[in-house]
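# Topology and contacts: notes
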Amino acid sequence: MRTDPGLQLRPMVHVRDMAASIAFYEQLGGAVVHGDAQAKWVLLQLGTVQIILLADGETGVDLHFGAVMPLELLERRLHRAGFPVAEVTSDHDFGEQLLVRTPDGLELKISQREP
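Quick caveat, the model's predicted, so the values are computed rather than measured.

## Some details on the environment of Ile-110
By the element assignment, Ile-110 lies in strand S9 (residues 107-112). Considering only alpha carbons, one finds Ile-110 and Leu-74, 36 residues apart in sequence, at a separation of 9.5 Å.

This is the structure:
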């Protein structure tokens, strides 16, 4: 029986102006869950989805997943299935992350989340 890794998608939106971005998403019904306009990153609840705003001067969207399954088990599962993890990184704000490429070359980031 396969164990569900408990993935939750949290798109990571790179922004140049955090205050303007928060104001924009609030107009769409978003509510700040963590952080504020002066923070490096903000977690927003937007309907049933949480999105991360990351103020790093870049633009674009990353597909970021939080996993309940321990990352080392998920890494082994992917490797055994022929999908090796491209890189294991550690981030001050998001902790340890697996960087994985899909068969089409899209990079996914997977970090540990609380069950």
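So that's the structure; there's more coming.
## Some remarks on helix H2 (residues 71-80)
Listed as buried for H2 are Leu-71, Leu-74, Arg-77 and Leu-78. Looking down the long axis of H2, one finds its buried residues gathered within 120° of arc, a one-sided arrangement. Exposed side chains of H2 directed beyond 90 degrees from the buried face belong to His-79 and Arg-80. Where H2 is buried, its residues meet strand S6 (60-67), strand S7 (85-91), strand S8 (95-101) and S9. Positioned one or two residues after H2, Gly-82 has a phi angle of 90°, which is positive.

## Regarding the nonpolar core
In this structure, Phe-65, Ala-67, Met-69, Leu-71, Leu-74, Leu-78, Val-85, Leu-98, Val-100, Leu-108 and Ile-110 together form the largest nonpolar core, which totals eleven residues. Going through the elements one at a time, S6, H2, S8 and S9 are the ones with two or more residues in this core. Looking at which element gives the most residues to this core, the answer is H2, with three residues. Once you skip the residues sitting within four places of it in the chain, Val-85 turns out to touch Glu-75, Leu-78, Leu-98, Leu-99 and Val-100.

## Focus: the packing of aromatic side chains
Within the structure shown, the criterion is met by two aromatic pairs. Arranged with centres 5.1 Å apart and planes meeting at 85°, the rings of Phe-24 and Tyr-25 form a pair that is edge-to-face. Here the aromatic rings of Trp-41 and Phe-94 are separated by 5.0 Å at their centres, their planes lie at 50°, and the arrangement is tilted. With a gap of 53 residues between them, Trp-41 in strand S4 (residues 41-46) and Phe-94 in the loop between S7 and S8 connect regions that are remote in the sequence.

What counts and what doesn't
Within each chain, residues carry numbers counting from 1 in the order of the written sequence. Local features in this predicted model are restricted to residues of pLDDT 70 or higher, and side-chain atom pairs are both shown and tallied only at a pLDDT of 80 or more, whereas totals for entire chains, interfaces and linings draw on every residue. Side-chain metrics in this entry use all non-hydrogen atoms of the structure; hydrogen atoms and water are not considered. Secondary structure is summarised from DSSP: a helix means a run of H or I of at least four residues, a strand means a run of E of at least two, and numbering begins at the N terminus for each. We call a residue buried when its accessible area falls under 20% of the maximum for its residue type, exposed when it is over 50%, and partly exposed in between, using a 1.4 Å probe and counting protein chains only. The arc refers to the directions leading from the helix axis to the C-beta atoms. Contacts are assigned to residue pairs with any non-hydrogen atoms lying within 4.5 Å of each other. The nonpolar core is taken to be a set of buried Ala, Val, Leu, Ile, Met, Phe, Trp, Tyr and Cys residues, with the residues joined through side-chain atoms within 4.5 Å. Here a pair means two rings of Phe, Tyr or Trp (six-membered ring of Trp) with centres within 6.5 Å. Their orientation is stacked below 30 degrees between planes, edge-to-face above 60, and tilted elsewhere.

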